[in-house]
Amino acid sequence: MFSPVAWLAFGLATSSYLASAQQAGSFSQVGSTQVSAMMMFLGNEEKVYILDKTEGNAAQINGHPAWGSVWDINSHSATVMAVLTNTFCASGMHLPNGSYATFGGNGAIGPGGSIGSVKNSAGSGSYDATYEDYDGTKSIRILNPCTSSDDMNSAQCQWFDNPAVLSMQKQRWYSAAEALGDGTIALIGGFVNGGYINRNYPNVDPTFEGGAAEPTYEFYPSRGTATQMTFMTTTSGLNSYAHTYLMPSGNMLIQANISTILWNPDTNVETPLPDMPGKVARVYPASGAVAMLPLTPANNYTPTVLFCGGTDMPDEYWGNYSFPNYDTWTYPTSPDCQRITPEPTDGSTPVYIQDDNMLEGRTMGQFIILPDGTLLVVNGGQNGTAGYAQATGTTPSFDLMPYGESLASGPIGTPAIYNPNMPAGSRWSNAGLGTTNIARLYHSSALLMPDASVMIAGSNPNIDTNLSTVYPTTYTAEIFYPPYFSASVRPTFTGAPSTLSYGGSYFNLTVPGTAYTGSANSAAANTTVVLSRGGFTTHAMNMGQRHLQLNNTYAVNTDGSITLYVSQVPPNSNLLTPGPALMFVVINGVPSNGTMVIVGNGQVGTQTISDVATLPASSQNAAAQGSGGGGSSTTNSGSGTSHTSTIIGAVIGAIAVIGILG
């Protein structure tokens with residue numbers, strides 16, 4: 001545990017140092033993101049896109065503070081990007097062609113978080129003349145990822161952000177976003193305007209909160225008029241950024257407050273599931289770490305969702321839109337973990353099952369699914385909740401707030417790894433993992449990189465940029481190197497297709513003998529091919545994150561190379577919705593670099609489903625050996641080409657076709 005002074009000193013430190021050694025279990029500071037990374041997503045193998053809320057960042061664009069940037073993975077440098085509307089606490093999701101969309105945000109604001117200088121009829125900000133941001137509460141923003149070979153300054157490589165052309169029906173701040181099997185995105189709930197939690201207190205109007213809550217859902221592209229959702233009333237107060245996971249049936253697991261349902265997005269029918277044991281809240285601002293466990297042939301691609309951390313803070317402590325009714329930074333977080341299989345294949349009733357406790361309680365801990373099938377948890381604090389305020393129900397003035405505007409304390413600098421395949425009682429470990437000296441609390445983010453490292457950035461529990469408080473606005477990015485970076489040889493492979501289908505003919509990958517050491521038979525028998533989708537990360541969540549192992553067999557060749565016969569994605573687009581993913585080959589727990597592929601036909605609509613082709617039987621060669629050495633290349637090659645031109649053309653066309661208000 002570091003003192004507040006130490007955390008401030010480290011948080012203010014920035015570094016242009018590029019890591020010269022990728023030491024397993026270590027953190028390396030790699031540069032400035034220019035804007036604080038409240039939101040991130042991986043656009044392709046070269047670029048990470050970053051969004052902040054509108055605030056007074058020193059980085060400027062077009063004469064005003066920037067709140068968007070693009071991070072170049074190779075050079076570890078960021079370039080600011082223009083964004084028109086306030087992206088504060090937006091949601092986001094991939095599109096089938098590899099583009100990304102963000103949804104909603106806050107009204108226009110000015111310095112100090114003040115309402116924008118031009119107000120709308122409801123009194124919230126329509127535009128601010130200083131920060132030059134517009135109202136983002138209905139915005140739909142589209143980004144076509146580009147590479148360094150493209151003109152990054154062209155309109156096709158910039159954010160499309162024009163609410164007059166493309167917007168939602170309802171104002172949504174902290175809404176949930178989840179892709180469906182046809183690529184449509186469900187947008188659920190949210191605030192109309194800002195606040196700590198989504199309720200007044202006493203809570204006499206749990207559905208609408210006097211106009212401050214948005215209890216409906218809608219779709220992008222639109223499927224019609226936004227419709228009220230009973231679950232938003234049931235979970236009133238703690239239903240911001242509800243946890244959503246599409247199930248194989250097409251129903252959706254939704255968890256908020258302490259309630260859980262399966263929801264049919266076609267019929268709006270809700271099926272209640274058990275409440276969260278122990279009344280531990282996991283949604284924002286309790287902000288537990290939540291992820292779907294890897295989908296594999298061994299578990300018959302049956303989804304199980306893991307919930308860890310958050311808080312059991314009693315209802316009266318949560319307060320209202322203005323602030324909590326308790327000094328949250330003194331309230332310990334929960335280490336509790338629960339898992340649920342919402343659609344058991346044996347026909348049993350879904351139940352929560354107690355899992356191993358985390359090594360410590362966390363709020364704002366974030367799960368990153370690693371290519372080896374383990375789950376890394378990073379970031380967060382030991383006490384309190386997400387959010388910021390300048391007072392609480394028991395601390396009446398800002399000058400008495402011990403951690404500035406932060407409602408959390410006790411930053412946790414040491415990550416931990418959860419292995420779902422270990423026996424109960426031994427699933428968590430932080431052995432060999434280093435400790436960061438940067439506090440990653442509210443508005444931090446983390447994302448799996450193509451080289452299987454993890455990028456960590458952000459942290460800003462402040463209403464506007466603040467470099468002198470206990471937990472300051474943070475611009476320094478870090479890379480965390482998981483334990484498999486200790487391997488002397490990283491696998492490589494060739495033959496990756498540019499697109500994958502749902503069922504259909506298998507494809508071949510070739511792993512050279514230089515990609516591993518030792519027995520070829522042993523390496524082949526311990527090789528998996530996985531698809532990893534890092535998702536849209538914000539607020540300790542990765543919306544759309546999934547890990548799916550493809551079925552494969554193999555042939556060991558005389559020269560030590562291994563031919564992998566790999567099935568397409570299982571014939572159910574609800575398991576891995578259409579869109580981008582990284583393909584990794586993992587040998588003995590050590591992943592290759594990832595190659596970006598597109599799953600599905602690249603369009604919103606019914607996906608082609610084909611029968612699964614039978615794979616050839618595996619064959620071995622007892623004499624074959626790997627010849628890998630520490631200097632072997634880690635670069636893969638595929639049969640496909642860049643998706644950029646396809647993405648650009650598809651989305652520009654789609655704006656005209658699907659950008660209709662329901």
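Heads up: the structure comes first, above all this text.
The rules behind these values
- Residues numbered from 1 in each chain as written.
- Predicted model: local features only at pLDDT ≥ 70, side-chain atom pairs only at ≥ 80, totals over all residues.
- Heavy atoms only, no water.
- Helix = DSSP H or I, 4+ residues; strand = E, 2+ residues; numbered from the N terminus.
- Rg over C-alpha atoms; globule rule 2.2 N^0.38 Å.
- Buried < 20%, exposed > 50% of the residue type's maximum accessible area, 1.4 Å probe, protein only.
- Contact = heavy atoms within 4.5 Å.
- Areas by Shrake-Rupley, 256 points an atom, 1.4 Å probe, with all protein chains shown as cover.
- Lys, Arg positive; Asp, Glu negative; His and termini not counted.
- Charge placed at Lys NZ, Arg CZ, Asp CG, Glu CD.
- Pairing = 2+ DSSP bridges.
- Axes fitted to C-alpha atoms, helices over the stretch in contact; angles between N-to-C directions.
- Salt bridge = Lys/Arg side-chain N within 4 Å of Asp/Glu carboxyl O.
- Core = buried A, V, L, I, M, F, W, Y, C linked by side-chain atoms within 4.5 Å.
- Disulfide = S-S within 2.5 Å.

(A) Examining the overall build of the chain more closely. Within the chain, the secondary structure is distributed over four helices and 50 strands. Against the globule reference of 26 Å for 662 residues, the chain gives a C-alpha radius of gyration of 24 Å, in line with a compact fold. The principal-axis extents of the C-alpha atoms in the chain amount to approximately 75 × 55 × 55 Å. Burial status across the chain gives 63% buried among its 662 residues. Put simply, 68% of the contacts in the chain that link residues at least 6 apart link residues at least 24 apart. Per element, the accessible surface of the chain, about 21700 Å² overall, is 51% carbon and sulfur. When the 18 positive and 39 negative side-chain charges of the chain are each reduced to one mean point, those points stand 2 Å apart.

(B) Region of interest: the sheet that holds strand β18 (residues 252–256). The strand order β17-β18-β19-β20 describes an open sheet built from four strands, whose pairing is antiparallel. Looking at the sheet topology across the chains shown, the edges are occupied by β17 (243–246) and β20 (269–273). Within this sheet the neighbouring strands show an average axis-to-axis angle of 25°, counted without direction. Two strands pair when backbone bridges link them, and β17 and β18 are joined in this way by four bridges, in the antiparallel orientation.

(C) Local environment of the pattern of salt bridges. Evaluation of the coordinates by the stated rule reveals 13 salt bridges. When the shortest N-O distance is used, the salt bridge between Glu218 and Arg172 registers 3.1 Å. Here Arg172 lies in the loop between β12 (140–143) and β13 (176–179) and Glu218 lies in strand β15 (residues 216–220), a separation of 46 residues in the sequence. In this structure, the salt-bridge partner of Arg362 is Glu360, at a minimum N-O distance of 3.4 Å. Several salt bridges converge on common partners, so that one network encompasses Asp182, Arg223 and Asp266.

(D) Structural view of unusual backbone geometry. A cis geometry characterises the amide bond from Tyr201 onward to Pro202, with omega recorded as 0°. Following the sequence through the fold, Pro202 ends up in the loop between β14 (185–188) and β15. Residue Pro221 is bonded to the preceding Tyr220 through a cis peptide linkage, with omega at -5°. With respect to the element layout, Pro221 can be found in the loop between β15 and β16 (227–228). In the Ramachandran plot, Gln34 falls in the positive-phi region, its phi being about 70° despite a non-glycine side chain. With respect to the helices and strands, Gln34 occurs in the loop between β1 (27–32) and β2 (39–42). Taking the relative accessible area as the measure of exposure, Gln34 reaches 31% and is therefore partly exposed. A positive phi angle is found at Tyr301, which is not glycine, with a value near 55°. In this structure, Tyr301 sits in the loop between β21 (289–292) and β22 (305–308).

(E) Quick look at the nonpolar core. Ranked by internal contacts, the top residues of the largest apolar core, which has 51 residues, are Tyr49, Cys89, Phe103, Tyr174, Tyr220 and Tyr442. Ranked by size, the runner-up nonpolar core spans 46 residues in total, among them Phe507, Tyr516, Ala523 and Val597.

(F) Representation of the sheet that holds strand β6 (residues 68–72) within the structure. Taken together, the six strands give an open sheet; going across it, the order is β7-β6-β3-β2-β40-β41, and neighbouring strands pair in antiparallel fashion. Two strands close off the open sheet at either side, each with one partner strand: β7 (77–80) and β41 (541–543). Adjacent strand axes in the sheet meet at a mean angle of 25° when their direction is disregarded. By the bridge criterion, three bridges tie strand β40 (residues 536–538) to β41 in an arrangement that is antiparallel. Each residue of the ladder has a partner; that of Thr537, found in β41, is Asn542.

(G) Spotlight on the side chain of Thr244. Of note, Thr244 is situated in strand β17. Setting aside chain neighbours within four positions, we find Thr244 in contact with Ala176, Ala177, Glu178, Ile188, Met252, Leu253 and Ile254.

(H) Broad picture of the environment of Ala82. Take Ala82: it is sitting in the loop between β7 and β8 (91–94). Separated by 19 residues in the primary sequence, Ala82 and Ala101 have C-alpha atoms spaced 15 Å apart. Those residues in contact with Ala82 that lie beyond four places of it in its chain are Ile61, Asn62, Gln158 and Trp159.

(I) The arrangement of the state of the cysteines in detail. Within the structure shown, the criterion is met by two disulfides. Across the disulfide from Cys146 sits Cys157; the S-S distance is 2.1 Å. Torsion about the S-S bond of the Cys146 and Cys157 cystine: about -90°, corresponding to left-handed handedness. Placement of Cys146 in the loop between β12 and β13 and of Cys157 in the loop between β12 and β13 is noted, with a sequence separation of eleven residues between them. Overall, the relative accessible area of 0% leaves Cys146 in the buried class. For Cys308, the disulfide goes to Cys337, at an S-S distance of 2.1 Å. Across the disulfide from Cys308 to Cys337, rotation about the S-S bond amounts to roughly 120°, and the bridge is consequently right-handed. With a gap of 29 residues between them, Cys308 in strand β22 and Cys337 in strand β23 (residues 337–340) connect regions that are remote in the sequence. Of the two residues, Cys308 and Cys337, neither departs from the other in class, the shared state being buried. Along the chain, the cysteines that take part in disulfide bonds pair up as 1-2, 3-4, counted in sequence order.

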